[in-house]
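Residues per chain are reported as follows:
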Amino acid sequence: KKGANVALTAGIVCIVLAVLGIGYFLYSYFFSDLFSRTEEVQVPQLVGQYFENFNESQYPDLTFEVTSDARAALTGVDYIITTIRAGEDAGRLFDEQTCLAHGVLGQETTGAGGFAMAIRSVPTLVYYCTLAREVANPGHLIFNFTNPSGIITQALRSKGFDNVYGICDAPS
């Protein structure tokens with residue numbers, strides 16, 4: 001049910017999950033793993049921005065909503081996953097090429113390129129976290145994948161968003 005808090009029903013946990021920014025390629029692995037455990041976890045409704053690339057036909061028991069309206073995406077959710085690329089790919093390309101032209105590290109998670117990405121991303125994530133305080137379920141948690149994850153997460157926690165947890169993937 002939309003707007004339901006996490007609840008145990010017949011031993012099954014039901015959650016409402018919002019995904020902000022589906023451009024991150026590891027989401028396919030994340031969702032495949034999450035949904036392969038349907039006996040343990042049920043996600044009856046999945047809402048989020050930029051969800052067009054997800055193959056919902058693989059998960060017929062779920063309700064998917066796609067919206068570019070952040071308020072609608074965050075209303076009544078229990079968990080939020082962020083992977084925002086403020087400035088999109090053009091911003092990343094600009095950052096990395098500018099850094100390389102000046103002989104410094106330009107990768108989006110480290111060095112000057114990462115710092116430039118953080119400067120663009122922090123205000124965007126502050127906006128989403130503030131909106132989530134207004135419309136998400138009380139006690140909601142936010143899992144930040146937005147790069148550079150450490151800087152973004154620390155900035156959000158320093159702004160008082162203690163419900164934000166940073167996740168940084170590593171090569172396996």
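Just so we're clear, the structure is a prediction, and the values are computed from it rather than from any experiment. (Residues numbered from 1 in each chain as written. Predicted model: local features only at pLDDT ≥ 70, side-chain atom pairs only at ≥ 80, totals over all residues. Heavy atoms only, no water.)

S.K.: For a nonpolar patch on the surface, give the residues involved together with the corresponding values.
M.R.: Among the surface-exposed residues, Phe115, Ile119 and Ile151 lie close enough to one another that they form a single nonpolar patch of about 300 Å² accessible area. Relative to the elements of secondary structure, isoleucine 119 occurs in helix α4 (residues 111-135). (Patch = residues over 30% accessible without salt bridge, like charges linked within 9 Å, V, L, I, M, F, W, Y side chains within 5 Å. Areas by Shrake-Rupley, 256 points an atom, 1.4 Å probe, with all protein chains shown as cover. Salt bridge = Lys/Arg side-chain N within 4 Å of Asp/Glu carboxyl O. Helix = DSSP H or I, 4+ residues; strand = E, 2+ residues; numbered from the N terminus.)

S.K.: Please set out the packing of helix α3 (residues 88-101) against α4 residue by residue, giving values where relevant.
M.R.: Interaxial distance between α3 and α4 falls to 8 Å at its minimum, and their mutual angle equals 145 degrees. The handedness of the crossing between α3 and α4 comes out as right-handed. Contacts between α3 and α4 involve Gly91, Arg92, Asp95 and Cys99 from the first element and Ala112, Gly113, Ala116, Met117 and Arg120 from the second. Looking at the contact of α3 with α4 residue by residue, the class counts come to four nonpolar, two polar and three charged. (Axes fitted to C-alpha atoms, helices over the stretch in contact; angles between N-to-C directions. Left-handed = near helix turned anticlockwise from the far one by under 90°. Contact = heavy atoms within 4.5 Å. Nonpolar A, V, L, I, M, F, W, Y, C, P; charged D, E, K, R; others polar.)

S.K.: Just give me the short version of the confidence of the model for the chain, but keep the residues and values in it.
M.R.: Per-residue pLDDT for the chain has a mean of 77; in total, 64% of the residues score no lower than 70. Per-residue pLDDT stays below 50 along residues 1-10; that stretch engages in 28 contacts with residues further than four places along the chain or on separate chains. (pLDDT = per-residue confidence, 0-100.)

S.K.: So, the nonpolar core: which residues are in play, and what are the values?
M.R.: Side chains of a nonpolar character, in soluble globular proteins, are inclined to be buried together. Among the nonpolar cores identified, the biggest contains 25 residues, and Leu20, Leu74, Ile80 and Leu156 are the most heavily contacted of them. Only β2 (12-20), α2 (70-74), α4 and α5 (149-158) provide two or more residues apiece to this core. The leading source of residues in this core is α4, at nine residues. (Core = buried A, V, L, I, M, F, W, Y, C linked by side-chain atoms within 4.5 Å. Buried < 20%, exposed > 50% of the residue type's maximum accessible area, 1.4 Å probe, protein only.)

S.K.: An account of the side chain of serine 149 is requested, with residue identities and associated values reported.
M.R.: Mapped onto the fold, serine 149 is located in helix α5. You can call serine 149 buried: its relative accessible area is 7%. Here asparagine 144 takes part through its backbone oxygen, which lies 3.4 Å from a polar atom of the side chain of serine 149. Among all residues touching serine 149, those that are not within four sequence positions of it are Asn144, Gly166, Ile167 and Cys168. (Polar contact = N/O pair within 3.5 Å; in protein donor to acceptor, adjacent residues only side chain to side chain.)

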